[in-house]
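Chain by chain, the residues:
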Amino acid sequence: MKNEITQLAIIGPTASGKSDLAIKVALQIDAYILSIDSLSIYKEIDIVSAKPSKEELLQVKHFGINVLDPDEYFSVDIFINLYKNLLEQCKKESKNLVIVGGTSFYLKSLLQGLSQLPEITTEISHNVAKELSDLTSCYNLLSDLDPQYMKNIDKNDSYRIEKALLIYRASQLFPTQWFELYPPKAIIKDLDIFNIDVSRTTLRQRITSRTHKMLDLGLINEVCYLEKKYARLAHSMGSIGIVEVLEYLDGKVTKEVMLENISTHTAQLAKRQQTFNRTQFDHIISAPLNELEKMILQKR
């Protein structure tokens, strides 16, 4: 068994060329690829997520893609367990690992780790579920008890409100108190992170081009299929590319406006991703796409 494997991460804004670069690098260093993308994790959301093609998925074994149904909830906990299982598989099969994607929050969670949770019994879980039927009251209760923790949580963020309430009911400690007693432990301690540096003008051009390509590939038909099968309540149905097509299907906008809205909202997402990557990671290596492959292989 190969105990030490090479791990590296490739990050960058959407449409910057991460997936293609990851495949090139993985082929050269004999690696599997772990996707950190909040949409590619879902089956059947193929065009909207700009998922690697079937041919690309055959070139290198990918993980973190086509794992959940679109109406299943995806969280950082699920991703971390996915990573841990894959790491063991890489060691067993003597494979290196390339982590790639646009949802860099999941990568940051690997570097920072997660705190353990108190033991949550079935009774506690059931009682909290009943309490959550009045989300506003739960939010107000937690805000009064632990304003420090709740100040960064939106009043409609049911997932994080539920987590905070479960901690409180199970431990009788406010979340802030709990996390002080049980701080997170890093899951990855050392990781080379390579960031694709791309100008906003170039990125906007790539996003516009990709949006029109998505339309040609059958974007509208895919969203129609997803809506028919999963309705509109699933968390994934609120994603960029789906929302705008649904507006078009509802007759609220023309096809041209739909395409412009997808491009604009994707560009706004890309800007947020660039800001996150620049401010949330220490010692990342940034370079244009055409230089990064050589830098990665030299670093290795």
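Residues numbered from 1 in each chain as written. Predicted model: local features only at pLDDT ≥ 70, side-chain atom pairs only at ≥ 80, totals over all residues. Heavy atoms only, no water.

**Student:** What exactly am I supposed to notice about the overall build of the protein here?
**Tutor:** Of regular secondary structure, the protein possesses 14 helices and six strands. Since a compact globule built from 300 residues should have a radius of gyration of about 19 Å, the 21 Å found for the protein is in line with a globular shape. Projected onto the principal axes, the alpha-carbon positions of the protein cover approximately 55 × 55 × 30 Å. For the protein, the residues scored as buried account for 44% of the 300 residues in total. Summarising the internal contacts of the protein: among those between residues at least 6 apart in sequence, 77% fall at separations of at least 24. (Helix = DSSP H or I, 4+ residues; strand = E, 2+ residues; numbered from the N terminus. Rg over C-alpha atoms; globule rule 2.2 N^0.38 Å. Buried < 20%, exposed > 50% of the residue type's maximum accessible area, 1.4 Å probe, protein only. Contact = heavy atoms within 4.5 Å.)

**Student:** Would you take a moment to explain unusual backbone geometry for this structure?
**Tutor:** Across the chain, the bulk of peptide bonds are trans and the bulk of non-glycine residues have phi less than zero. Within the chain, A50 stands out as a residue other than glycine whose phi angle is a positive 50°. Considering the arrangement of structural elements, one finds A50 in the loop between β2 (31-35) and α2 (54-59). Of note in this structure, Q172 is not a glycine but carries a positive phi near 60°. The topology assignment puts Q172 in the loop between α8 (158-171) and α9 (175-181).

**Student:** It is not clear to me how the packing of aromatic side chains should be interpreted in this structure. Could you clarify?
**Tutor:** Two descriptors summarise a pair of aromatic rings, namely the distance from one centre to the other and the angle between the planes of the rings. Per the stated rule, a full pass over the model turns up eight aromatic pairs. When the centroid spacing of 6.0 Å and the interplanar angle of 40° are considered together, the rings of Y168 and F174 count as tilted. One aromatic cluster is present, built from ring pairs that chain together F74, F79, F105 and Y106. (Phe/Tyr/Trp six-rings, centres within 6.5 Å; stacked < 30°, edge-to-face > 60°.)

**Student:** Any chance you could explain the sheet that holds strand β4 (residues 96-101) here in plain terms?
**Tutor:** The strands making up a sheet associate through backbone hydrogen bonding, with each pair oriented either parallel or antiparallel. Read from one edge to the other, the open sheet built from six strands follows the order β3-β2-β4-β1-β5-β6, with strand pairing classed as parallel. The sheet terminates laterally at β3 (62-63) and β6 (285-287), the two strands that pair on one side only. Where helix α1 (residues 18-29) meets the sheet, it contacts β1 (7-11), β2, β3, β4 and β5 (192-196), and its direction lies at approximately 175° from that of β4. Packing of helix α14 (residues 289-299) onto the sheet brings it into contact with β1, β5 and β6, and relative to β5 it is tilted by some 170°. (Pairing = 2+ DSSP bridges. Axes fitted to C-alpha atoms, helices over the stretch in contact; angles between N-to-C directions.)

**Student:** Could you clarify how one ought to interpret the pattern of salt bridges in this entry?
**Tutor:** Opposite charge on two side chains allows them to pair when their charged atoms are near. Under the definition given, this model contains eight salt bridges. A salt bridge links K43 to D69, with the shortest nitrogen-to-oxygen separation between them at 3.9 Å. Here D69 lies in the loop between β3 and α3 (76-93) and K43 lies in the loop between β2 and α2, a separation of 26 residues in the sequence. With relative accessibility at 33%, the residue K43 sits in the partly exposed group. (Salt bridge = Lys/Arg side-chain N within 4 Å of Asp/Glu carboxyl O.)

**Student:** Looking at this model, I keep getting lost on the packing of helix α6 (residues 135-145) against α8. Mind explaining?
**Tutor:** Two quantities define a packed helix pair, namely the angle between the axes and the distance from one axis to the other. Between α6 and α8, whose axes approach to 10 Å, the crossing angle comes to 55°. In terms of their interaxial angle, α6 and α8 are classed as oblique. In this structure, the crossing between α6 and α8 has a hand that is left-handed. Residues L135, C138, Y139, L141, L142 and L145 of α6 touch α8, and the partners they reach there are S158, I161, A164, L165, Y168 and R169. (Parallel < 35°, antiparallel > 145°, perpendicular 65-115°, else oblique. Left-handed = near helix turned anticlockwise from the far one by under 90°.)

**Student:** How should I be thinking about helix α4 (residues 104-112) in this particular structure?
**Tutor:** Along an α-helix, residues three or four apart share an orientation, since each turn contains 3.6 residues. The set of residues buried in α4 consists of S104, Y106, L107, K108, S109 and L110. Against β1, α3, β4, β5 and α13 (255-280) lie the buried residues of α4. Just beyond α4, the residue with positive phi is G113, at close to 85°.

**Student:** Sorry if this is basic, but what is going on with the nonpolar core here?
**Tutor:** One recurring pattern in soluble globular proteins: nonpolar side chains tend to sit buried together. Membership of the largest hydrophobic core comes to 46 residues, with the highest contact counts inside it found for L34, F79, Y83, L97, I99, L107 and L219. Of all the elements in the fold, those that place two or more residues in this core are β1, β2, α3, β4, α4, α11 (219-230), α12 (242-249) and α13. Broken down by element, this core gets its largest block of residues, seven residues, from α3. Excluding residues that lie within four positions of it along the chain, Y83 makes contacts with Q7, L34, L97, I99, L110, I187 and I188. (Core = buried A, V, L, I, M, F, W, Y, C linked by side-chain atoms within 4.5 Å.)

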